[in-house]
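# Inside the fold
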Amino acid sequence: MEDYLFQKFNTVVWKTAKKKERKEMSTKTMMQSEKKMGVRAVVQIGMLAAVAVILMLFEIPLPFAPSFYKIDFSEVPVLVGCFAMGPVAGALIELVKILLNFVLTGTSTAGVGEIANFVIGCALCVPAGIIYRRNRTRKNELIGMATGTILMTVLGCFVNAYVLLTAYGAAFGMPVSKLVGLGTAVNPHITSLSTFVFFAVAPFNLIKGVAVSAIVFVIYKKISPCLLYTSPSPRD
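What this report covers is the structure whose coordinates are included nearby. (Residues numbered from 1 in each chain as written. Predicted model: local features only at pLDDT ≥ 70, side-chain atom pairs only at ≥ 80, totals over all residues. Heavy atoms only, no water.)

This next bit is on the pattern of salt bridges. The full count for this structure, using the stated rule, is five salt bridges. Its salt-bridge partner being Asp72, residue Lys208 comes within 3.9 Å of it at the nearest N-O pair. One end of the pair, Lys208, is in helix H7 (residues 193-223); the other, Asp72, is in the loop between strand S2 (70-71) and helix H2 (75-85), and 136 residues separate them in sequence. Exposure remark for Asp72: the relative accessible area of 8% places this residue in the buried category. A salt bridge links Glu141 to Arg138; the nearest nitrogen and oxygen atoms lie 3.9 Å apart. Here the residue Glu141 and the residue Arg138 both occupy positions in helix H5 (residues 138-172), the gap between them amounting to three residues, near one helical turn. For Glu141, a relative accessible area of 0% translates into the label buried. Since its relative accessible area comes to 23%, Arg138 is described here as partly exposed. (Salt bridge = Lys/Arg side-chain N within 4 Å of Asp/Glu carboxyl O. Helix = DSSP H or I, 4+ residues; strand = E, 2+ residues; numbered from the N terminus. Buried < 20%, exposed > 50% of the residue type's maximum accessible area, 1.4 Å probe, protein only.)

As structure tokens, then:
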């Protein structure tokens, strides 16, 4: 009887020890996995930000707006990052993009233009990322991008009217009315600050939002397997 109890005791102790060992190994594996994912996320944020900076170099002028309004597609990698890694990662990509561009090309608006660009860029990408993260489907992808485009257009009008145009005018030593005059030269419908915003700024942001969204909608499904997901979910 004593031998039996001793054997049972040893068995319980052995099982407890093995269970504890498996738990410790599982915890260690999870910590290593999280650390690896953290490093990969940082690498991907830097990589996407670098691609965004390169895309900023390729600008397309618009016939209805002054020459200083040019479309680029630097928000494409930012939006891709939002969908793949979440809205916080997307905002970090936008921030790193702005900082890298600031270091490489400097600023002509004492940093005001860079801050405004960050805010406007996040207005497109972050809401889209939040909506898409709730349910990773093609439908939510479209809803998110449409919402982001509308928000970017509205916020872009406000920021341009009350921040950017004033900052540009101060940087180049000209009143806002002179900037409005540059708009009038290419678009006769522009006769005041309000019409400048309505006929130049709003279409500019709307076209950029639609173009960026269309590109991401086409390419994201193809490149998403290469990117880090915050949580793997199927897409419709």
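Take Ala167: it is sitting in helix H5. Spatially, the C-alpha atom of Ala167 lies 6.7 Å from that of Val112, the residues being 55 residues apart in sequence.

This part takes up the packing of H2 against H7. When two helices pack together, their arrangement is given by the angle between the helix axes and the distance between those axes. For the pair H2 and H7, the least separation of the axes is 9 Å and the interaxial angle reads 50°. One finds that H2 runs oblique with respect to H7. Note that H2 runs across H7; the crossing there is right-handed. In this structure, H2 uses Glu75, Val76, Leu79, Val80, Phe83 and Ala84 to contact H7, whose residues at the interface are Lys208, Val212, Ile215, Val216, Ile219, Tyr220 and Ile223. (Axes fitted to C-alpha atoms, helices over the stretch in contact; angles between N-to-C directions. Parallel < 35°, antiparallel > 145°, perpendicular 65-115°, else oblique. Left-handed = near helix turned anticlockwise from the far one by under 90°. Contact = heavy atoms within 4.5 Å.)

What follows is about helix H6 (residues 176-186). Those residues of H6 lying buried are Leu179, Val180 and Gly183. Looking straight down H6, one finds its buried side chains confined to an arc of 100°; they lie on one side. Exposed residues pointing more than 90 degrees away from the buried face of H6 are listed as Ser177 and Ala185. (Arc of directions from axis to C-beta.)

Before going further, it helps to examine the environment of Gly156. Counting through the fold element by element, Gly156 comes out in helix H5. A relative accessible area of 0% means that Gly156 is categorised as buried. For the pair Gly156 and Val197, spaced 41 residues apart in sequence, the C-alpha to C-alpha distance is 9.0 Å. Each residue touching Gly156, except ones within four places of it in the same chain, is listed here: Ile120, Leu151, Val201 and Asn205.

With that out of the way, let us pick up the packing of aromatic side chains. Taken as a whole, this structure holds seven aromatic pairs when the rule is applied. Here the aromatic rings of Phe198 and Phe199 are separated by 5.0 Å at their centres, their planes lie at 85°, and the arrangement is edge-to-face. Under the relative-accessibility criterion, Phe199 is labelled partly exposed at 30%. Aromatic rings pair up to connect Tyr69, Phe196 and Phe204 into one cluster. (Phe/Tyr/Trp six-rings, centres within 6.5 Å; stacked < 30°, edge-to-face > 60°.)

Unoccupied space between atoms shows up once a probe the size of one water molecule is rolled over them. What the largest pocket holds in volume is close to 960 Å³. Along the wall of the largest pocket there are 35 residues; nearest its centre are Met56, Glu59, Phe68, Asn117 and Tyr168. When residues of the lining of the largest pocket are traced back to their parent elements, those giving at least two are helix H3 (87-105), helix H4 (112-134), H5, H6 and H7. For the lining of the largest pocket, the class distribution of residues is 14 nonpolar, 13 polar and eight charged. Volume-wise, the second largest pocket comes out at about 180 Å³. (1 Å grid on protein atoms, 1.4 Å probe; cavity = no way out; pocket = protein on both sides within 12 Å on 5 of 7 lines; lining within 4 Å. Points joined across faces, edges and corners; volume = space filled by probe spheres on them. Nonpolar A, V, L, I, M, F, W, Y, C, P; charged D, E, K, R; others polar.)

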